[in-house]
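In case you want the letters, here they are:
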Amino acid sequence: MSLLVVGSTAFDTVETPHGTAADCLGGSSTYFCLAARLFTQPRLVSVVGDDFPAKHRALLAERGVDLAGLETKPGKTFRWHGRYSSDMNSRDTIDVQLNVFGDFQPKVPQSFRSTPFVFLANGAPATQASVLDQVDKPKFVVADTMDLWIEHHRDGLLALLPRLDGLIVNDSEVKQLTGKGNLIQAGRAVLAMGPKLVIVKKGEHGSFVFSNFFHYALPAYPTESVVDPTGAGDSFAGGFMGYLATCDSVSVWNLKRAIAYGTVTASLTVEGFGVERIAAAERGTVERRFHELQQFVSA
């Protein structure tokens, strides 16, 4: 089945202990699409400036991303500059220029509105809600959020949560949202706010999944070479949603497999600067890592 994503397309400048990469293709929806295309055809709704080069459009189109919803506006594309710590477990934002993304009002093309799987990449809750107002009874909707929206747009986020099937957050965000210091209590508290599924990302320690029917934990794929962690969470979401979009049902079994596919897809992204590694990835590599992860966690 088809898969819709709404989010940012950007130029990233990244500093890590392995070096610096300037003006890389980035953005939440870009990483998501390049991961999801390993399973299905993603439909992109985003905005770029008139400085966005044709080569980036070609890269996405050549990998099967439907760009009918990619809007071009006069001005500059969203830019982000970040610097990672020596262990790459934390980062500082050096500069953010929202540019044309600052007043982004998503316009979902008519041909996209019946898409059954929808991912709302990190963005203001009001913007995410406006996408749901434009789509026709999707089968499965998942959203990402962050500390900024939890702190400054809490009411909008709380209104959005009952409209979601799933929410993706990291461990500090789920505790911030709920006021619970214990991860298990925090996960259960988010379920009480409306979504049927809560995925808590724990970076190099994997992820924890909460639902009213099952809990599930999975470690990260043991990647030896982490060059740039940027986009790992979005790639996880792309692999997770991309695999689910190929399934005939959103069952517990399929959800668990989707978490594993998201995990190994993210492991590819971190092996290169920007999108270079995930853009070059092939489904065979994903399948090999999926089976390696299964062996890694089996008793």
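Use the structure listed above.
Every chain is numbered on its own, with residues counted from 1 as its sequence reads. For this predicted model, a pLDDT threshold of at least 70 governs which residues receive local features, and a threshold of 80 or more governs which side-chain atom pairs are given and counted, while totals over whole chains, interfaces and linings are taken from all residues. Processing note: side-chain calculations cover all non-hydrogen atoms of the structure and skip hydrogens and water entirely.

J.: Help me out: how do you make sense of the pairing of strand E6 (residues 78-84) in this one?
T.: Looking along a regular strand, one sees side chains alternate from face to face of the sheet. Throughout, exposure labels follow a simple rule: accessible area from a 1.4 Å probe, protein chains only, divided by the maximum for the residue type, with under 20% read as buried, over 50% as exposed, and the rest as partly exposed. Helix and strand assignments come from DSSP, with helices taken as H or I runs of at least 4 residues and strands as E runs of at least 2, each series counted from the N terminus. The buried fraction of E6 amounts to five of the seven residues, a majority that puts the element mostly inside the structure. Note: strand E2 (residues 10-16) against E6, six bridges, orientation parallel. Residue pairing in the sheet places Asp12 in a bridge with Trp80 of E6. One ladder, built from six bridges, connects E6 with strand E7 (residues 91-97); its direction is antiparallel. Along E7, the bridge assignment pairs Arg79 with Gln97. Here, strands pair whenever DSSP counts at least two bridges between them. Where E6 hands over to E7, the hairpin turn is made up of six residues, of which Met88 adopts a positive phi near 60°.

J.: Explanation requested: the side chain of Ser211 in the structure shown.
T.: Inspection of the secondary structure assignment puts Ser211 in strand E12 (residues 207-211). For Ser211, a relative accessible area of 6% corresponds to the buried category. As used in this structure description, the phrase polar contact means that two N or O atoms lie within 3.5 Å; if the pair is within protein, one of them must be able to donate a hydrogen and the other to accept it, and residues adjacent in sequence are counted only when both atoms belong to side chains. A distance of 3.0 Å separates a polar atom in the side chain of Ser211 from the backbone nitrogen of Phe213.

J.: Would you mind going over helix H11 (residues 283-297) with me for this structure?
T.: For an α-helix, 3.6 residues make a turn, and residues three or four places apart therefore share a direction. Each helix should span, by expectation, one fewer than its residue count multiplied by 1.5 Å. Along its 15 residues, H11 runs 21 Å from first to last C-alpha, staying within 8% of the 21 Å computed at 1.5 Å per residue. Taken together, the buried positions of H11 are Thr285, Val286, Arg289, Phe290 and Leu293. Seen along its axis, H11 keeps its buried residues to an arc of 140°; they face one direction. Contacts were defined at the residue level, with two residues in contact if any of their heavy atoms lie within 4.5 Å. Each element contacted by the buried residues of H11 is listed here: strand E13 (215-218), helix H9 (252-269) and helix H10 (276-280). Working note: the arc is built from the helix axis to C-beta atom directions.

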